[in-house]
Amino acid sequence: MIVTDPIADFLTRIRNAQQAGHKVVEIPSSNEKKAITEILYNSGYILKYKFDDEVGINGIIKIALKYDVVSRQPIIRKLERFSRPGLRQYRRVSEIPKVINGLGIAIVSTSKGIMTDKQAREENVGGEVLCFIY
């Protein structure tokens, strides 16, 4: 199966696994997806992750999803693709959107790598706004 938008596929697999109540989701690996996974972990949206390069062509990413202890609701409320292959969304550092007044994160692909909107403002770099997570 050829995926035309790997990041949308990545977000959809996480979204579907959460709706089904899965604890772990496996996603085909790429450097871009690995960077996004690390951002999700560092921001506290997932429990843990593992890069398994032995499986498949590029390997897989195993992500342990995080749920609220009391309500059993997923920690990630919404995963939303912003820029897409048909309409790339590039923003200057001053135009990078704040997600719910800074409560969520926007993931930005910059010349200095993939980072959160907050890191992009600190580094003073703009780039392609990939997605919003909150």
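The sections below set out a description of the structure shown in this document. (Residues numbered from 1 in each chain as written. Predicted model: local features only at pLDDT ≥ 70, side-chain atom pairs only at ≥ 80, totals over all residues. Heavy atoms only, no water.)

With that settled, consider the packing of helix α1 (residues 6-20) against helix α2 (residues 31-42). Their axes nearest at 10 Å, the elements α1 and α2 cross at an angle of 40 degrees. Considering their axes alone, α1 and α2 lie oblique with respect to each other. Here the hand of the crossing between α1 and α2 comes out right-handed. Where α1 approaches α2, its residues P6, I7, D9, F10 and I14 are matched on the opposing element by E32, K33, I36, T37 and L40. Across the contact of α1 with α2, the residue classes break down as six nonpolar, one polar and three charged. (Axes fitted to C-alpha atoms, helices over the stretch in contact; angles between N-to-C directions. Helix = DSSP H or I, 4+ residues; strand = E, 2+ residues; numbered from the N terminus. Parallel < 35°, antiparallel > 145°, perpendicular 65-115°, else oblique. Left-handed = near helix turned anticlockwise from the far one by under 90°. Contact = heavy atoms within 4.5 Å. Nonpolar A, V, L, I, M, F, W, Y, C, P; charged D, E, K, R; others polar.)

The next point concerns the pattern of salt bridges. Under the criterion given, the structure shown has eight salt bridges. A salt bridge links E26 to K62; the nearest nitrogen and oxygen atoms lie 3.9 Å apart. Placement of E26 in strand β1 (residues 24-28) and of K62 in strand β3 (residues 60-65) is noted, with a sequence separation of 36 residues between them. Given the relative accessible area of 44%, E26 is considered partly exposed. On the accessibility criterion, K62 (27% relative accessible area) is partly exposed. (Salt bridge = Lys/Arg side-chain N within 4 Å of Asp/Glu carboxyl O. Buried < 20%, exposed > 50% of the residue type's maximum accessible area, 1.4 Å probe, protein only.)

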